[in-house]
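One letter stands for each residue in the lines below.
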Amino acid sequence: MWWLLLLQLATGAREEALPARPLLGPKPLVFWHSDELHFQVPHDWTLHGPVGTVCVSGDDRVGKSTLLSLWIKNLTQNKAFEFPAGHARTSFTQGLWSAVLHSEETQLDFHLNLCDSQGLKQVPELQQWRLFAANVLVPQVLVYMLINVVQVDQLRDLARMAHQFQKLGNNSQQHQRFGRLSPHLMVLVREESDLAEQDGRNLTDHLEQVLNSPGYEEDKALIRQVFRTREAWSLEELPKEARHALREGDFTAESARSWRWSGEAALKQVLLAIQRRTLLLPQGPELWEWYRSVLATVNSEEETSLERLIGHGERLDVMRRRRRWLQDCFGRVLATLAGVAILSAFSSSLGLCLDRAAGLAWVLLSVCYLGASPLLKMPMRGLAERVCDQLYLKGGEELVKAICLEASSQSAAVLVASVLGLLSYPLFTAQLRSLLKRIPLPSQLHRSFVTLFLVLLALLLSMLQEVLSEAATSTPAFLGAFAVVFLATLLDGITLLQKVLHNRSCTTASAVGRGLHFWIAQRDAEVAALEASADWKLHFRRYSECDTLWRYRRLPLWQSWSRVLQALGLLTWSWLIYPHWDVVFMLGAGVPWCLCQCAGAAWKASLARICFLNAAAPIDPVALVDRKDALAICNAC
């Protein structure tokens, strides 16, 4: 259909509009402060889309940084981009360094975050536990490098550094829940001997044989529990002349060919492991929040810290699954709205039904757009998360746990989107129809054009969200838009309060006149017959009795309530995506600027209301003609 073709054209235009983005890093994102790990991401590291993370860990001086540099050059064909590697006995890498390769550069379906870990043997035991726990909890794939063969003492070191995960105890349910966070383990054996291997580079069978061999069963069981999926591969020997070539940046040296081929084979296995976990990959802002949550867990000495992180990970999984579902629904709902637009152009008898269908589709589009936003953040120590943590730790009922899984920023975004969509639809359609009335066209075409405009607006918002994603972290822009929305909320709230007080005074003033009507109906038969008629009942079924007397008729509140609720919805949305901003927030902040053009008339109306509120009785409506004119001008804006 034509609207599906329009979607494809919009997607192609969006991809062409995206500029080529530079590679990020390598930079130390996780660093030591005293004996705790801290996290800081550069402000220009903006990522939108799924991000796969692989961390390379192991002993000191085993070639972790050099291997990551090979992978970068293989994926990007960038000869100058590499991890800094020290060539002294003291390790150059401290904490965790990261380099992010954009999917446009690597042609993968996800951005790739390559993480280089500090050597585990150069820090005290407590820091070893924390550094290794961060290496396990942050990535989807953990590459653990050894030298020569997989020995029992090396596995004991691996189990000893996994001490943090002994907090899971023997509870099978906890181990099952931890499986969602467990990374895929690749043991990469750097060959420095002339051992003859029948299986070539794949050493997975040898790893499983060692893990199932007798001796140190408790340590080996811990490794099997922490790493549910695992494999082992060999990395060919790096001759001395090849090492000198690599120090000079020459990764194409002939002497390093075998090492290079084995390293590229390991990279293919890493990418396959990440692709198998594509549905669990975090979005860009989610990744940085996950870093903070992991470091808060590994730095904590509480016994329940890992249990808290597991519950947080489960909520994130629910959030990601719902995001994918909303993204799939967005195109379908948009196609449905376009179909309603076409149908309304040829069917005037179904006008009311089609209008309601278009309104429902617009609300669903709002829910899909905001609910699937990659800018939504979900900190581990939020208010709802703290309450849910207590319920988790106390072993609450399954219903309570199910509700806690839904307590996320995405659920709040869905509620905000429902309110914004429900309130913005009559606003948009009323303004557009007032403009289209100036064009001599049939009324059903007016309805069709209005719906088509909503389709184009949804497409435009989707395109701009991707194009402006790089600038979505501008703090001055966010603060400026927030100030405008906050001021609009304050002014609309004051206006609503004034109208409510005005209506209350009108109701009180008209109560005497409406009370006298009872005695008139008792004495006058015609009035009594009028009250008993069907027209009388139909009229007061639609209108309130408080508005019977024209002099004390109340002002309508639905427009004021609509503006206040929309402004509150935008403020809530800004809180959910802070410190980022998106097109919806900026568009909502731009609307009040139109109202500022009517500042003089609005100020005059406010003075009239204040004078009215200070009066003992309501002012005659005839005397408020100027005030109503000013309000009409502002509403037109």
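The protein is annotated in an unreviewed UniProt entry as Guanylate-binding protein N-terminal domain-containing protein from Durusdinium trenchii.

Looking at this structure, I do not really get empty space enclosed by the protein. What am I missing?
Over the atoms rolls a probe the size of a water molecule, and its path tells where empty space is left. Going through the model one piece at a time under the given rule, you end up with 4 cavities of 30 Å³ or more. Within this model, the largest cavity holds a volume of roughly 220 Å³. Taken together, the elements giving at least two residues each to the lining of the largest cavity come down to helix H11 (284-299) and helix H12 (305-346). The leading source of residues in the lining of the largest cavity is H12, at 4 residues. Residues of the lining of the largest cavity, tallied by class, amount to 10 nonpolar, 3 polar and 4 charged.

Looking at this model, I keep getting lost on the sheet that holds strand E5 (residues 111-117). Mind explaining?
Across a sheet, strands are paired by hydrogen bonds formed along the backbone, either parallel or antiparallel in direction. Strand order in the open sheet formed by 8 strands is E2-E1-E4-E5-E3-E6-E7-E8, with mixed pairing between adjacent strands. Each edge of the open sheet carries a strand with a single partner, namely strand E2 (36-39) and strand E8 (230-235). Sheet twist, expressed as the average angle between the axes of neighbouring strands with direction ignored, equals 25 degrees. The pairing of strand E1 (residues 24-33) with strand E4 (residues 96-101) spans 4 bridges and is antiparallel. Bridge pairing links Leu-24 to Val-100 in E4. Along the sheet, helix H7 (residues 204-211) makes contact with strand E7 (184-190) and E8, crossing E8 at roughly 125 degrees.

In this structure, what is going on with the pattern of salt bridges? I would like to understand it.
Side chains that differ in charge, positive against negative, can pair when their charged atoms come close. Tallying each qualifying case throughout the model produces 9 salt bridges. Between Arg-292 and Glu-289 there is a salt bridge whose closest N-O contact spans 3.7 Å. You can see Arg-292 and its partner Glu-289 sitting in helix H11, 3 residues apart, about one turn around the helix. Among the residues examined, Arg-292 registers a relative accessible area of 39% and is labelled partly exposed. Taking the relative accessible area as the measure of exposure, Glu-289 reaches 18% and is therefore buried. Where Arg-563 meets Asp-492, a salt bridge forms, and the shortest distance between an N and an O atom there is 3.7 Å. Remark: Asp-492 occurs in helix H18 (residues 475-523) and Arg-563 occurs in helix H21 (residues 558-577); sequence separation between them is 71 residues.

I tried to follow a nonpolar patch on the surface on my own but got confused; where do I start?
Residues Phe-482, Phe-486, Leu-487, Leu-490, Leu-491 and Ile-494 make up a contiguous nonpolar surface patch of roughly 550 Å² in combined accessible area. Within the fold, Phe-486 resides in helix H18. The exposure class assigned to Phe-486 is partly exposed, which follows from its relative accessible area of 47%.

So what exactly am I meant to see when it comes to the UniProt feature "transmembrane region" (unreviewed entry) in the protein here?
As annotated by UniProt and renumbered to match this structure, "transmembrane region" (unreviewed entry) occupies residues 329-351, 357-376, 445-465 and 477-497. Across residues 357-376, helical content stands at 75% and strand content at 0%; the span's end C-alpha atoms are separated by 29 Å. The span residues 445-465 shows a helical share of 100% and a strand share of 0%, and its end C-alpha atoms are spaced 30 Å apart.

Help me understand the packing of aromatic side chains, please; the structure alone is not making it clear to me.
To describe a pair of aromatic rings, you give the distance between the ring centres and the angle between the ring planes. Scanning all chains against the criterion turns up 7 aromatic pairs. Taking 6.3 Å as the distance between ring centres and 15 degrees as the angle between the ring planes, the aromatic pair formed by Phe-482 and Phe-486 counts as stacked. Here Phe-486 and Phe-482 lie together in helix H18, a separation of 4 residues that amounts to about one turn. The class for Phe-482 is partly exposed, based on a relative accessible area of 33%. Through successive ring pairs, a cluster of aromatic residues spans Phe-39, Trp-45, Trp-288 and Tyr-291.

Scoring rules and cut-offs
- Residues numbered from 1 in each chain as written.
- Predicted model: local features only at pLDDT ≥ 70, side-chain atom pairs only at ≥ 80, totals over all residues.
- Heavy atoms only, no water.
- 1 Å grid on protein atoms, 1.4 Å probe; cavity = no way out; pocket = protein on both sides within 12 Å on 5 of 7 lines; lining within 4 Å.
- Points joined across faces, edges and corners; volume = space filled by probe spheres on them.
- Helix = DSSP H or I, 4+ residues; strand = E, 2+ residues; numbered from the N terminus.
- Nonpolar A, V, L, I, M, F, W, Y, C, P; charged D, E, K, R; others polar.
- Pairing = 2+ DSSP bridges.
- Axes fitted to C-alpha atoms, helices over the stretch in contact; angles between N-to-C directions.
- Contact = heavy atoms within 4.5 Å.
- Salt bridge = Lys/Arg side-chain N within 4 Å of Asp/Glu carboxyl O.
- Buried < 20%, exposed > 50% of the residue type's maximum accessible area, 1.4 Å probe, protein only.
- Patch = residues over 30% accessible without salt bridge, like charges linked within 9 Å, V, L, I, M, F, W, Y side chains within 5 Å.
- Areas by Shrake-Rupley, 256 points an atom, 1.4 Å probe, with all protein chains shown as cover.
- UniProt positions renumbered as here; feature names shortened; annotations may be inferred.
- Phe/Tyr/Trp six-rings, centres within 6.5 Å; stacked < 30°, edge-to-face > 60°.

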